[in-house]
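Coordinates in review
Listed below are the residues making up each chain.
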Amino acid sequence: MIILGIETSCDETAVAVTQDGRTILSDLLSSQVDLHRKYGGVVPEVACRRHIEVVGPLIRQAVEKSGKSYGELNAIAVTVGPGLVGALLVGVSIAKSLAYSLKIPLLGIHHLEGHISAAFIENPDVIFPSIALVVSGGHTNLYYMPQKGRYRLLGKTIDDAAGEILDKGARMLGYPYPGGPVIDRLAQKGDPERIPFPRPYRSSLNFDFSFSGLKTSLMHTLLKMGTAPEEYLSAHPDIAAGYQAAIVDILVEKTFNAVKYENARSVMLVGGVAANSLLRKRFISAANNLGVAMYIPSSRLCTDNGAMIAMAGKLHLEENHFASLDLNPRPNLELKNEFSFNPLTGSMSNL
Ligand code: KG4
Ligand code: ZN
């Protein structure tokens, strides 16, 4: 099965061609990070325009690079939501046109299902039941998965997402978007104990997360330091280390509480923030201590990419979850088991 995966939900245009989901024949990305940097965040209208400019040529290049022809494609998988409506519309429109003209199935993919599917690319035999933590710029969601393609939401952030809180923290320190990789790098040279940060919601009796208190705490830390540039800059590694350690502690504790509570046999850590080096280390050691399997995609497959969408498409194909050509973007789509093709209406539903 040769599947073309298209992802345009936010600020990355990503396209991949895969064989059976797992073998990546080509995987291209056109990032808009530089374009949005001067605004300090993603500007939806600017994002859509750039997607429109680059998605066609990127698809052509991805197909050429894969060594396959358009006629050899068996299906097209595209992110249908959640995300910026205009940005999603670009990917969905071109995917529909291609599926129609090539007369091949169209597969509508939930962005978070894409992130989770990234774990299957390198680990085809994930042990279930599993707990999946999706940590990205827009989401911090914890799922119980009894098997592939089945999701029960256990908890999510009640305010900012983990990636968002890293991006905002870095911005308060004066670094450009995206701040997650900057904090990761700075923290490696810092002492996480020197500047303490709170662990909001860490011991709450549910699986929800809360991170916004960390921002306030960082603001107070910076105010106390004043504006003496030397002291301020030299403290950045310690601030980053303390800030990052608080986020990682919360994510580890909640996730592994869920593993114990649900008697899960494995854990999946996915999404852009899963590229974080401390988070990866701490998850691996917590999983070892509990004796459960741990799956983390390689860093390149953690951030948005087309291969994860193609892999999720492969799972939809196996379950005959096809989308119809009246597929529309769903900016607020939730990931639920009912996300499936409805043969009566001929459309994909998320009831
Ligand atoms: O999954 P993703 O590429 O896009 C969304 O779906 O949001 O995630 C982007 C997020 C950003 O917040 C970025 O700062 C964060 O992932 N990120 C990291 C690292 N690399 C990317 N956060 C911490 N450490 C990293 N190494
Ligand atoms: Zn993402």
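The structure this text deals with has already been given above.
As a starting point, this report considers the structure included with it. As the structure is a prediction and not an experimental result, all values here were calculated from the model. Every chain's residues receive numbers from 1 upward, in the order its sequence appears when written. The order in which chains are written sets their letters, starting at A; the order in which ligands are written sets their numbers, starting at 1. Under the rules for a predicted model, residues below a pLDDT of 70 receive no local features and side-chain atom pairs below 80 are neither given nor counted, while totals for whole chains, interfaces and linings still include all residues. To get the side-chain values, take all heavy atoms of the structure and skip hydrogens and water.

Right, let's talk about the coordination of the zinc ion (ligand 2) for a bit. The donor set comprises N, O and S atoms within 2.8 Å of the metal, extended to 3.2 Å for Na, K and Ca; water molecules are omitted, so apparent gaps in a site may simply reflect that omission. Within the first shell, the zinc ion (ligand 2) binds the protein through His111 (NE2), His115 (NE2) and Asp304 (OD), at distances of 2.0 to 2.1 Å. Exposure classes here rest on a 1.4 Å probe applied to the protein chains alone. A residue is buried below 20% of its type maximum, exposed above 50%, and partly exposed in between. A residue is classified by how much of its surface remains accessible, and His111, at 7% relative accessible area, is buried.

Next up on the list: the side chain of Thr140. Under the scheme used here, helices are H or I runs from DSSP no shorter than 4 residues and strands are E runs no shorter than 2 residues, and both carry numbers assigned from the N terminus. Looking at where Thr140 falls in the secondary structure, it is placed in strand S7 (residues 140-145). According to the relative accessible area criterion, Thr140 is buried, its value standing at 0%. Any pair of nitrogen or oxygen atoms within 3.5 Å is treated as a polar contact; in protein, a donor-acceptor pairing is required on top of that, and neighbouring residues in sequence qualify only through side-chain atoms on both sides. A distance of 2.8 Å separates a polar atom in the side chain of Thr140 from the backbone nitrogen of Ala162. Ignoring anything within four residues of it in the chain, the contact list for Thr140 reads Leu133, Val134, Val135, Gly155, Lys156, Thr157, Ala161, Ala162, Phe209, Phe211 and Leu251. Between two residues, a contact is recorded if the distance between any of their heavy atoms is within 4.5 Å.

So, about the layout of surface pockets. Grid points spaced at 1 Å over the protein atoms alone were grouped into cavities, where a 1.4 Å probe fits but cannot get out, and pockets, open sets with protein on both sides within 12 Å along at least five of seven lines, with lining residues defined by an atom within 4 Å of a point. Grid points are joined across faces, edges and corners, and a volume is the space filled by probe spheres set on the points. Considering only enclosed or pocket space, the largest pocket measures out at about 1,000 Å³ in volume. Those elements giving two or more residues to the lining of the largest pocket turn out to be helix H1 (33-37), helix H4 (111-122), helix H5 (162-172) and helix H6 (180-187). If you tally residues by element for the lining of the largest pocket, the top one is H5, at six residues. In terms of residue class, the lining of the largest pocket is made up of 14 nonpolar, 15 polar and nine charged. Start and end points for every domain follow an automatic or database-based domain assignment. Shared between two domains, the lining of the largest pocket holds at least three residues of each, these being domain 1 (2-116 + 301-350) and domain 2 (125-298). Of the volumes computed, that of the second largest pocket is approximately 320 Å³. Lining the second largest pocket we find 17 residues, and of these His139, Asn141, Lys156, Leu333 and Glu334 sit closest to its centre. Put simply, the parts of the chain that give the lining of the second largest pocket at least two residues each are S7 and strand S8 (152-156). For the lining of the second largest pocket, the element with the highest residue contribution is S7, accounting for three residues. Residue polarity follows a fixed list, in which Ala, Val, Leu, Ile, Met, Phe, Trp, Tyr, Cys and Pro are nonpolar, Asp, Glu, Lys and Arg are charged, and the others, Gly among them, are polar. Partitioning the lining of the second largest pocket into residue classes produces seven nonpolar, seven polar and three charged. The two domains that each donate at least three residues to the lining of the second largest pocket are domain 1 (2-116 + 301-350) and domain 2 (125-298).

Residues grouped as a nonpolar core are buried Ala, Val, Leu, Ile, Met, Phe, Trp, Tyr and Cys residues, joined through side-chain atoms within 4.5 Å. Phe211, Ile239, Ile247, Leu251, Phe256, Leu269 and Phe283 are the most contacted members of the largest nonpolar core, which totals 51 residues. If one sorts the elements of this core by residue count, helix H9 (residues 236-262) sits on top with 13 residues. Sequence-distant contacts of Ile247, defined by excluding residues within four places in its chain, comprise Ala162, Ile165, Leu166, Phe211 and Leu214. Core analysis: the second largest hydrophobic core is formed by 33 residues, Ile121, Val126, Met268 and Leu315 among them.

Salt bridges are counted wherever a side-chain nitrogen of Lys or Arg sits within 4 Å of a carboxyl oxygen of Asp or Glu. Across all of its chains, the model carries 13 salt bridges by this definition. Salt-bridge contacts for Asp160 lead to Lys215; the nearest nitrogen and oxygen are separated by 2.8 Å. With Asp160 in the loop between S8 and H5 and Lys215 in helix H7 (residues 212-225), the pair connects residues that are 55 residues apart, well separated along the chain. Classification of Asp160 by relative accessible area gives buried; the value is 9%. By sharing partners, the salt bridges in this structure join Asp160, Glu164, Lys168 and Lys215 into a single network.

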